[in-house]
Amino acid sequence: MSDLQLAPDVMARLQQNGSPYDERAYLFVLAGLEYLQSRLAERRHVSGQEVTHACRELAMEQYGLMAREVLDHWGIRETSDFGRIVYALVDVGLLVTQPGDRIEDFQEVYSFERAFDEGYVWGRALGA
């Protein structure tokens, strides 16, 4: 993921819309979506809750005990941030929504403190 970057015009549009997130936050959420899709029997539309859980699993897998700090450094501090990032990517045309999708689907799916700090056993993450 470290060699990837958004096209300059995409990042410019995100920043023009007042984005508080580091570019790596957007790339991480896109990687989280692909991580989720790769674990499904077939590609399909996914829910906000599924995305937030996939992002947690990916963060724990990639960053271990530092997952929460890495996400925080990029501006991601709660599950609602995943939703704001997804909907910002929708606004710039990189993702699409389905009827019935709502940004509220990402709110309070889990506590970052519980999911990242209390939910870690050395060597593997526990479910949130």
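The structure this text deals with has already been given above.
As the structure is a prediction and not an experimental result, all values here were calculated from the model. (Residues numbered from 1 in each chain as written. Predicted model: local features only at pLDDT ≥ 70, side-chain atom pairs only at ≥ 80, totals over all residues. Heavy atoms only, no water.)

Caption draft 1: Focus on the overall build of the protein. When helices and strands are tallied, the protein shows six helices and two strands. Along the protein, from the amino end to the carboxyl end, the secondary structure elements read α-α-α-α-α-α-β-β. For the protein, the residues scored as buried account for 41% of the 128 residues in total. In the structure as shown, the protein presents an accessible area of about 7,500 Å², 47% of it carried by carbon and sulfur atoms. (Helix = DSSP H or I, 4+ residues; strand = E, 2+ residues; numbered from the N terminus. Buried < 20%, exposed > 50% of the residue type's maximum accessible area, 1.4 Å probe, protein only. Areas by Shrake-Rupley, 256 points an atom, 1.4 Å probe, with all protein chains shown as cover.)

Caption draft 2: Seen up close, the layout of surface pockets. Roughly 330 Å³ of internal volume is contained in the largest pocket. Lining the largest pocket are 21 residues, with Leu 33, His 45, Val 46, Leu 95 and Val 96 sitting closest to its centre. For the lining of the largest pocket, the secondary structure elements donating two or more residues are helix H2 (23-38), helix H3 (48-63) and helix H5 (79-91). If one sorts the elements of the lining of the largest pocket by residue count, H2 sits on top with four residues. Here the lining of the largest pocket is built from residues that sort into ten nonpolar, five polar and six charged. (1 Å grid on protein atoms, 1.4 Å probe; cavity = no way out; pocket = protein on both sides within 12 Å on 5 of 7 lines; lining within 4 Å. Points joined across faces, edges and corners; volume = space filled by probe spheres on them. Nonpolar A, V, L, I, M, F, W, Y, C, P; charged D, E, K, R; others polar.)

Caption draft 3: Representation of the nonpolar core in the model. Grouped together as the largest cluster of nonpolar side chains are 39 residues, with contacts concentrated most on Leu 14, Tyr 26, Leu 71, Phe 82 and Phe 116. For this core, the element with the most residues is H2, which contributes eight residues. (Core = buried A, V, L, I, M, F, W, Y, C linked by side-chain atoms within 4.5 Å.)

Caption draft 4: Structural view of H2. With 16 residues, H2 should reach 22 Å at 1.5 Å per residue; the first-to-last C-alpha distance of 23 Å fits that figure. Burial in H2 covers these residues: Ala 25, Tyr 26, Leu 27, Phe 28, Val 29, Gly 32, Leu 33, Tyr 35, Leu 36 and Gln 37. Turning to H2, the residues buried within the fold contact helix H1 (8-16), H3, helix H4 (67-73) and H5. (Expected span 1.5 Å × (residues − 1). Contact = heavy atoms within 4.5 Å.)

Caption draft 5: Fine view of the side chain of Thr 52. Mapping Thr 52 onto the fold places it in helix H3. A polar side-chain atom of Thr 52 sits 2.8 Å from the main-chain carbonyl oxygen of Gln 49. (Polar contact = N/O pair within 3.5 Å; in protein donor to acceptor, adjacent residues only side chain to side chain.)

Caption draft 6: Up close: the packing of aromatic side chains. Across all of its chains, the model carries eight aromatic pairs by this definition. Ring plane angle 85° and centroid distance 6.1 Å describe the contact between Tyr 21 and Tyr 26, whose orientation is recorded as edge-to-face. The two residues Tyr 21 and Tyr 26 agree in class, both being buried. Both rings, one in Phe 112 and one in Phe 116, keep their centres 4.9 Å apart while their planes meet at 70°; by these two values the pair is edge-to-face. In this pair, Phe 112 and Phe 116 both sit in helix H6 (residues 112-118), four residues apart, roughly one turn of the helix. With respect to class, Phe 112 is no different from Phe 116; both count as buried. Feature note: the residues Phe 82, Tyr 110, Phe 112 and Phe 116 constitute an aromatic cluster, connected by ring pairs. The ring of Tyr 35 has Arg 39 lying over it, and the distance from NZ or CZ to the ring centre is 3.5 Å. Taking NZ or CZ as reference, Arg 56 lies 6.0 Å from the ring centre of Phe 116, over its face. (Phe/Tyr/Trp six-rings, centres within 6.5 Å; stacked < 30°, edge-to-face > 60°. Lys NZ or Arg CZ within 6 Å of the ring centre and 35° of its normal.)

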